[in-house]
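Here are the chains, one letter per residue:
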Amino acid sequence: MSLETIRPSPGFEELLPIEYRDLIKHGQYGREVKVSEMGKFKELVEEHPMCAGCAMTLFIRLVMMALPNPEHTINVGTAGCGRLIIAQANIPFIYGNYGDSNSVASGLKRGLELRFPNQFKDVVVMAGDGGLIDIGFQGLMHSWFRREKFTTIMLDNEVYGNTGGQESGMTLKGKVLKMAPRGKEVDKIDALSLAKVAGCVYIVQIAPTNPSRVMRTIRRAVLIAREVGPTYIQAYTSCNIEYAIPTPDVMQDAFDVEKDRYGFEEFMTDDAKAYITEVEKKHKELAKAKAKK
Amino acid sequence: MSQSTQIKADWVPKGDLQEVKDPEWLFHEAPRETEFITGSEAAREAIRRANVDIAISYPITPQSETMQQAGYLYDEGYIKDYYRGEEEIGVMSAIGGASRAGVRALTATAGPGLMRGMEAISSWPGARTPLVLMNMCRVINTPLAIQPDNIEISFLLNTGILHAHAENQQDFFDYTLAAFMVSEEVDVTLPAVVSVDGFFVTHARGQVSMFSQDYKLPPRDGWRNAVPSMDNENPPARISRDSPIQKSNFISYHMHASWQQEVFAAVERSAKYWRKYLGDLIEVINPDAEIFVVSSGACVSQAREAVRQEGEAGRKVGLIKIKTIRPWPKVEILAALKNAKKILVPEFNQAGWLHKELCSTLYGLITAEIIAGPRVYGGMSMPTEIILEWLAKARK
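For every chain, the first residue of the written sequence is number 1, and numbering continues from 1 along that sequence. Chains carry letters and ligands carry numbers; both start at the beginning, A for chains and 1 for ligands, and go up in the order they are written. Per-residue local features are limited, in this predicted model, to residues with pLDDT of at least 70; the limit for side-chain atom pairs, both in listing and counting, is 80 or more; totals at the level of whole chains, interfaces and linings are taken over all residues.

Enquirer: If you had to explain the overall build of chain A to someone new, which residues and values would you point to?
Expert: The number of helices and strands found in chain A is 10 helices and seven strands. Atoms counted for the radius of gyration: C-alpha only. Globule rule: 2.2 Å times the number of residues to the power 0.38. The C-alpha radius of gyration computed for chain A amounts to 19 Å, which stays within 12% of the reference 19 Å derived for 293 residues, consistent with globular compactness. Along the three orthogonal principal directions, the C-alpha set of chain A runs to about 65 × 40 × 40 Å. Helix and strand definitions here come from DSSP, where helices need a minimum of 4 consecutive H or I residues and strands a minimum of 2 consecutive E residues; each element is numbered from the N-terminal end.

Shown next, in the form of structure tokens:
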């Protein structure tokens, strides 16, 4: 049913650009793609102007692949590096004002629920650490306090990368960056604890070292947000430019940082756990039944 | 949904019991009954009949009462969703998000709240978000004051937002309903602000003639917009890949310029729809006079009284009431003032934004002297006597 909106009507198909036809025929719509398929199918995002070696790019590519219903997903973001690639995905993207993402997403999600009561429309906020924890802090917190049913993904590169390398609330204490000439004076904000206190039902800290785990996490976050409540993923997506990480070492840095201070952590409430366990159980049974056929 | 409604299994939203009617019929033919109510109550009655999907509120004097009333309307089932937002940036962002989902969205604010939400507000037209913001004008701090003063209107003039300025409680009812209809027209698809002077109108009673509350406007059609709703019901497309849309990291200059041109062209196109509901965009009294008073909002009422008293004294003074600030009724104003010799522009603000608008419209086209005042601000009221004094001076 839901795929009908993207499938061309017979007779019109040949009039559409080949890129669109490829997306429908060889894209991820209507099926679950695996990490091993990366580069072998028509992805939602293929081109981007991100810096060479950017870990955020890999992470966002995985997020797009993991979306359970991309044909009914709307991305919301704000200023920052991430939006350069998010805007180029085949998913509607609201590139809002500075730090307004979670407020916009609140109104959008509620509006979509009113207009499409029988169709899940997934709203996913993907924004940087500055966009969410500094300028977007109030909107972020209040969307959680209100238990708004959408996913927030923080692309945490621990710096304002897009504006040229200023410290953010997520920068580690002591780091010398622009606007922190003597080193950052205060600690990195503990956004994970804030998420817990504010009422997020599924909270994850993750680095892009294990692509399958990233995809499973994103899928869980989006599905849980549909039914249970706000979900939050905080992803280490290093800025190799501002932190001067040599391009070939970007993934090694991700492994090192993960081991040192950004290990995988997954928290979920009992409600969220009961829900996702049931969903994943059904999913496995369905996959088994398909395999038997 | 409130607790009181959740516990009633057989609860029927009152909005579901209302009958959708043709808006032109509602405006011009439906039987009306008159009530003596405050401006805030007139706002409530307009919202009740406006078939609003979502209202997002945040308190600020003198607006709070209106959005409280919207809360009660939600509780009764006239509005489908409602919440108190975090503050005005959040509210104005969220209401923009709701409009982009394709539903009818409403909020209200006043002076400092408007200024706080201004980044989001000024981005609504470019996002092509039909919605209505009711604005109860108030002093902008500091020094802190909660008194009426409409300086904030000057900040909205060049945003691409439709803007009507209500004189009284009746206008507030009519303009608000019209604003929903106009903003959602396909060739408009823009947000609309309905401003009213705080306290003078919001907290004072006046006669308001209203059609039955059993009727409501047609719902917003989320499929009818100048740009698609953000609902992912259209074929997916990359929004910013190819030249000329994407230049460097940002939209190209030409694309941005043409987008702005289209927004302001849409403001002009909206005039025909405003006329459909409100008649002419200006009201003219004594069109053959040589001295005119030109005003908008509550100031018109004082000007009206001054014109009446001048008439009693045997002197004919003209009055022009400007109903919509945007679209700006340039042609109508010019036609009405072509034979004027002196023009007074009384205003409830220090900057004299209406005077400036008028000067830029009339410059080089008529020979009349356009007098900058009288003006009151900071919460002062404008006694009719001031206008009469200025008229006397102008005649000398």
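Enquirer: Just give me the short version of the domain arrangement of chain B, but keep the residues and values in it.
Expert: All names here are of chain B. Where each domain starts and ends follows an automatic or database-derived domain assignment. Per the domain assignment, the segments of chain B are domain 1 (11-216) and domain 2 (282-395). Each residue gets a C-beta atom placed from its backbone, and two residues are in contact if those atoms lie within 7 Å. At the interface, 22 residues of domain 1 touch 19 residues of domain 2. Of all the elements in the fold, those that place two or more residues in the side of domain 1 that touches domain 2 are helix H9 (153-156), strand S7 (162-166) and strand S8 (192-197). If one sorts the elements of the side of domain 1 that touches domain 2 by residue count, S7 sits on top with five residues. Any residue that is not Ala, Val, Leu, Ile, Met, Phe, Trp, Tyr, Cys, Pro, Asp, Glu, Lys or Arg is counted as polar, Gly included; the first ten are nonpolar and the last four charged. When grouped by side-chain class, the residues that make up the side of domain 1 that touches domain 2 number 12 nonpolar, seven polar and three charged.

Enquirer: Would you mind going over the nonpolar core in detail, with residue names and values included?
Expert: In globular proteins that are soluble, nonpolar side chains generally tend to be buried together. If you look at the biggest cluster of nonpolar residues, it comprises 186 residues, and the most contacted ones within it are Leu108 and Ile224 of chain A together with Ala55, Ala179, Val194, Phe292 and Val293 of chain B. Counting contributing residues per domain, this core is built from domain 1 (11-216) and domain 2 (282-395) of chain B, each supplying no fewer than three. Sequence-distant contacts of alanine 55 of chain B, defined by excluding residues within four places in its chain, comprise Met67, Ala70, Tyr74, Ile79, Tyr82, Leu106 and Thr107 of chain B. In this description, a nonpolar core means buried residues of the types Ala, Val, Leu, Ile, Met, Phe, Trp, Tyr and Cys, linked to one another by C-beta atoms lying within 7 Å. Three exposure classes are used, based on other C-beta atoms lying within 10 Å of a residue's own C-beta, which is placed from the backbone: buried for 20 or more, exposed for 12 or fewer, and partly exposed in between.

Enquirer: Tell me what's going on with the sheet that holds S7 of chain B, and back it up with residues and numbers.
Expert: Residues and elements named next belong to chain B. If you trace the seven strands from one edge of the open sheet to the other, you get S4-S3-S5-S6-S8-S7-S16, paired in mixed fashion. Unpaired on one side and paired on the other, strand S4 (81-84) and strand S16 (324-326) mark the two borders of the sheet. Put simply, the sheet's adjacent strands are angled 20° from each other on average, direction ignored. As paired elements, strand S3 (residues 54-57) and S4 share four bridges and run parallel to each other. Bridge assignment links serine 57 to a residue of S4, and that residue is arginine 84. Here, any two strands with at least 2 DSSP bridges between them count as paired. For helices, the fitted line uses only the C-alpha atoms of the stretch in contact; every axis is such a line through C-alpha atoms, and the angle between N-to-C directions lies from 0 to 180 degrees.

Enquirer: Tell me what's going on with the sheet that holds strand S18 (residues 369-371) of chain B, and back it up with residues and numbers.
Expert: Residue and element names in this part refer to chain B. As summarised here, the arrangement of the five strands in space is S13-S15-S14-S17-S18, forming an open sheet in which the pairing is mixed. Across the chains shown, the open sheet's two edge strands, defined by having one partner strand only, are strand S13 (282-285) and S18. The average angle at which neighbouring strand axes cross in this sheet is 20°, direction not considered. The pairing of strand S17 (residues 342-344) with S18 spans three bridges and is parallel. Of the residues in S18, the one forming a bridge with lysine 342 is glutamate 369. Contacts between helix H14 (residues 330-337) and the sheet are confined to S13, strand S14 (291-295), strand S15 (317-322) and S17, with S13 contributing the most and set at about 10° to the helix.

Enquirer: How would you summarise the packing of helix H2 (residues 55-66) of chain A against helix H8 (residues 211-227) of chain A if you had to cite specific residues and measurements?
Expert: Residues and elements named next belong to chain A. Where H2 meets H8, the closest approach of the two axes is 8 Å, and the angle between their N-to-C directions is 50°. On the basis of the axis angle, H2 is oblique to H8. When you trace H2 past H8, the crossing you get is right-handed. Contacts from Phe59, Leu62, Val63, Met65 and Ala66 of H2 reach H8 at Pro211, Val214, Met215, Ile218 and Arg219. Between 65 and 115 degrees an angle is taken as roughly perpendicular, under 35 as roughly parallel, over 145 as roughly antiparallel, and anywhere else as oblique. Crossing handedness is read from the near helix: turned anticlockwise from the far helix by less than a right angle, it gives a left-handed crossing, and turned clockwise, a right-handed one.

Enquirer: Quick rundown of the environment of alanine 87 of chain A? Include the residues and the values.
Expert: Residue and element names in this part refer to chain A. Within the secondary structure layout, alanine 87 lies in the loop between helix H3 (82-86) and strand S2 (93-95). Note on alanine 87: 23 C-beta atoms within 10 Å, which makes it buried. Along the backbone, alanine 87 and proline 246 are 159 residues apart, and their C-alpha atoms lie at a distance of 27 Å.

Enquirer: Could you give an account of helix H15 (residues 353-362) of chain B, naming the residues involved and the relevant values?
Expert: All names here are of chain B. If you check which residues of H15 are buried, you get Trp353, Leu354, His355, Glu357, Leu358 and Leu362. Residues of H15 that are buried make contact with H9, S14, H14 and S18. Phi for glycine 364, located one or two positions after H15, is positive at around 80°.

Enquirer: Please give an account of the interface of chain A and chain B that cites residues and values.
Expert: When the parts of a complex come together, some accessible area is lost, and that lost area is often used as the size of the interface. Each partner contributes to the interface: chain A provides 38 residues, whereas chain B provides 36 residues. Listing elements by their share of the side of chain A that touches chain B, those giving two or more residues are helix H1 (18-26), strand S1 (73-77), S2, helix H4 (101-115) and helix H6 (137-145) of chain A. Along the lines of polarity and charge, the residues of the side of chain A that touches chain B split into 17 nonpolar, 14 polar and seven charged.

Enquirer: Before we move on, could you go through helix H10 (residues 169-183) of chain B and cite the residues and values that matter?
Expert: In this scheme, a helix's expected span is set at 1.5 Å multiplied by one less than its residue total. Compared with an ideal rise of 1.5 Å per residue, which puts 15 residues at 21 Å, H10 of chain B spans 21 Å between its outermost C-alpha atoms and is within 8% of the ideal. H10 of chain B sits mainly inside the fold: 14 of its 15 residues count as buried.

Enquirer: Would you mind going over the pairing of strand S6 (residues 132-137) of chain B in detail, with residue names and values included?
Expert: All names here are of chain B. Of all six residues in S6, six are buried, a share of seventy percent or more. Here S6 shows two buried faces, one formed by Val132, Met134 and Met136 and the other by Leu133, Asn135 and Cys137. Inspection of the sheet shows strand S5 (residues 105-109) paired to S6 by four bridges, in the parallel sense. Residue pairing across strands places alanine 108 opposite methionine 134, the latter belonging to S6. Strand direction decides the pairing type here: S6 and S8, joined by six bridges, are parallel. Bridge assignment links methionine 134 to a residue of S8, and that residue is valine 194.

Enquirer: Explain the environment of valine 263 of chain B to me, and be specific about the residues and the numbers.
Expert: Residue and element names in this part refer to chain B. Here valine 263 shows up in helix H11 (residues 253-269). With 20 C-beta atoms counted inside 10 Å, the residue valine 263 sits in the buried group. When the C-alpha positions of valine 263 and serine 295 are compared, they lie 26 Å apart, and in sequence the two are 32 residues distant. In contact with valine 263, other than residues within four places in its own chain, are Pro125, Gly126 and Gly160.

Enquirer: Kindly report on the confidence of the model for chain B, identifying the contributing residues and their values.
Expert: Per-residue confidence from the predictor is given as pLDDT, running between 0 and 100. Taken as a whole, chain B shows an average pLDDT of 93; of its residues, 94% reach a score of 70 or greater. For this predicted complex, the interface confidence reaches an ipTM of 0.94, while the overall pTM sits at 0.95.

Enquirer: Could you give an account of the packing of helix H4 (residues 39-48) of chain B against helix H5 (residues 64-76) of chain B, naming the residues involved and the relevant values?
Expert: Axis angle and axis distance: for two packed helices, these are the angle between their axes and the distance between the axes, and together they describe the pair. Residue and element names in this part refer to chain B. Packing of H4 against H5 brings their axes to within 9 Å, and their N-to-C directions diverge by 35°. For H4 against H5, the interelement crossing comes out right-handed. When H4 is examined against H5, the residues Ser40, Ala43, Arg44, Ile47 and Arg48 are found in contact with a partner set consisting of Glu65, Thr66, Gln69, Ala70 and Leu73. Taken together, the residues of the contact of H4 with H5 break down into four nonpolar, three polar and three charged.

Enquirer: For unusual backbone geometry, give the residues involved together with the corresponding values.
Expert: All names here are of chain B. Put simply, threonine 61 and proline 62 share a cis peptide bond, and its omega is 5°. The residue proline 62 is located in the loop between S3 and H5 in this model. For the bond from glycine 373 to proline 374, the omega torsion is 0°, close enough to zero to count as cis. Mapped onto the elements, proline 374 comes out in the loop between S18 and helix H16 (384-395). A positive phi angle, close to 60°, is found at phenylalanine 199, a residue other than glycine. The buried category is assigned to phenylalanine 199, around which 20 C-beta atoms lie within 10 Å. In the Ramachandran plot, asparagine 232 falls in the positive-phi region, its phi being about 55° despite a non-glycine side chain. Tracing the chain through its elements places asparagine 232 in the loop between strand S10 (215-216) and strand S11 (246-247). Assessed through the 25 C-beta atoms surrounding it within 10 Å, asparagine 232 is described here as buried.

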